[in-house]
Amino acid sequence: MSSLSILVLALIQALALLALAPLFSGISRVLRAKIHSRKGPDIFQDYRDIFKLFKRQNISPAASGVFFQMMPYVMVGTMLTIATALPIVTVISPLAPIGDLITVVYLFAVARFFFAIAGLDTGSTFTGIGASRESMLGILVEPILMLGLWVTALLAGSTNLGVMSFHVLEWNVNSSLALVLALLACAFATFIEMGKLPFDMAEAEQELQEGPLTEYSGSAFAVLKLGISLKQLVVLQLFIGVFVPWGQMTTFSAGALVLAIVAAIIKLLVGIALIALFENSVARLRFLKTSYTTWAGFGLAAAAFLSWLIA
């Protein structure tokens, strides 16, 4: 593929994830309702909510500043940037400079930083507590994701997501234990990063009224809802693109492209279904218990690193 074709592919896949994010969020809500034996909203409800919010007046707290105003757009922008570099229909990363492990992890950190600072920027007690919880969750989860992906990068000999994906596709038997442990650790971190039960501590809708999101309204809230849905899809695709690369193209052709698109949609749907099944089979944890649970994920990541050292 030419450089122009790769750039076009990167832009198309980012915009496709943005357009599909509310749909996959709606599918997750429908699955949750079915598991709870209730009707619930249909899969297009998130689109209607977002369009309705765009028509509403945008009201900001008197104490809010530039971080509060910027956060929804920073969230969407960083997630779109990451989406351009993810292996989705190809094994390679379309934008190699962005598709570096360290770059991607820091882009996620930027989004989390603005999310937490925006909560503090309002002067509200509810958003301040939510921001504190978001920061704490980041401290607990990001080392798990970073270490799990770093072990995969060490095995692949590169921090590029495409190279890591290609290494998993070839699956070296000698590194099977380290890869499996890294996969489990990253799956654990992905689940938490998607804000699913029992780890949705930052929002904690029942007791904190949506936490950092409480003071948003109108078009800003619409952009923020879109950004959060996009983040969930991007985090899931990061895991799938690196650790479940089967079905992605290694050489370009029209037929292979169609099959890769179908495979990508199926893998995302299966991932959403499995997450919904697990999420609705557990109860929310007390916030103080979260750190004890996340140690299990860090243990898996550490075990993967030890396996790489020993091998």
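Residues numbered from 1 in each chain as written. Predicted model: local features only at pLDDT ≥ 70, side-chain atom pairs only at ≥ 80, totals over all residues. Heavy atoms only, no water.

Engineer: Run through the layout of surface pockets, naming residues and quoting values.
Structural biologist: Here the second largest pocket is characterised by a volume of approximately 360 Å³. Lining the second largest pocket are 17 residues, and of these A187, F191, F239, L274 and I275 sit closest to its centre. Mapped by element, the contributors of at least two residues to the lining of the second largest pocket are α7 (176-193), α9 (218-243) and α10 (254-279). The element that contributes the greatest number of residues to the lining of the second largest pocket is α10, accounting for six residues. Split into classes, the residues belonging to the lining of the second largest pocket amount to 14 nonpolar, two polar and one charged. (1 Å grid on protein atoms, 1.4 Å probe; cavity = no way out; pocket = protein on both sides within 12 Å on 5 of 7 lines; lining within 4 Å. Points joined across faces, edges and corners; volume = space filled by probe spheres on them. Helix = DSSP H or I, 4+ residues; strand = E, 2+ residues; numbered from the N terminus. Nonpolar A, V, L, I, M, F, W, Y, C, P; charged D, E, K, R; others polar.)

Engineer: Can you tell me about the packing of helix α4 (residues 101-120) against α9, naming the residues and giving the values?
Structural biologist: Where α4 meets α9, the closest approach of the two axes is 13 Å, and the angle between their N-to-C directions is 155°. Overall, the two elements α4 and α9 adopt an arrangement that is roughly antiparallel. Crossing geometry of α4 relative to α9 is assigned as left-handed. Side by side, α4 and α9 meet where V104, F108, R112 and F115 of the first sit next to L224, I228, K231, V234, V235 and L238 of the second. A breakdown of the residues in the contact of α4 with α9 according to their chemical character gives eight nonpolar, no polar and two charged. (Axes fitted to C-alpha atoms, helices over the stretch in contact; angles between N-to-C directions. Parallel < 35°, antiparallel > 145°, perpendicular 65-115°, else oblique. Left-handed = near helix turned anticlockwise from the far one by under 90°. Contact = heavy atoms within 4.5 Å.)

Engineer: Tell me what's going on with the side chain of S93, and back it up with residues and numbers.
Structural biologist: Checked against the element boundaries, S93 lands in the loop between α3 (66-85) and α4. Judged by relative accessible area, S93 falls into the buried class, the value being 6%. One polar contact links the side chain of S93 to the main-chain carbonyl oxygen of A85, over a distance of 2.5 Å. Setting aside anything within four residues of it in sequence, one finds S93 in contact with A85, G99, N160 and G162. (Buried < 20%, exposed > 50% of the residue type's maximum accessible area, 1.4 Å probe, protein only. Polar contact = N/O pair within 3.5 Å; in protein donor to acceptor, adjacent residues only side chain to side chain.)

Engineer: Residues and numbers for empty space enclosed by the protein, please.
Structural biologist: Counted according to the given criterion, the structure contains two cavities of 30 Å³ or more. For the largest cavity, the calculated volume is near 60 Å³. Secondary structure elements with two or more residues in the lining of the largest cavity: α1 (3-35) and α9. The element contributing the most residues to the lining of the largest cavity is α1, with four residues. Classifying every residue of the lining of the largest cavity gives five nonpolar, four polar and one charged.

Engineer: Give me the lowdown on the packing of aromatic side chains, citing residues and values where you can.
Structural biologist: What characterises a pair of aromatic rings is the spacing of the ring centres plus the angle enclosed by the ring planes. For the coordinates displayed, the defined rule picks out seven aromatic pairs. Measuring from centroid to centroid gives 5.7 Å for F113 and F114, while their planes differ by 90°, and the two rings are edge-to-face. By relative accessible area, which is 14% here, F114 ends up buried. Ring plane angle 35° and centroid distance 5.4 Å describe the contact between F239 and F243, whose orientation is recorded as tilted. Pair noted here: F239 and F243 are both in helix α9, with a separation of four residues, about one helical turn. Taken together, the ring pairs connect F67, F113 and F114 into an aromatic cluster. (Phe/Tyr/Trp six-rings, centres within 6.5 Å; stacked < 30°, edge-to-face > 60°.)

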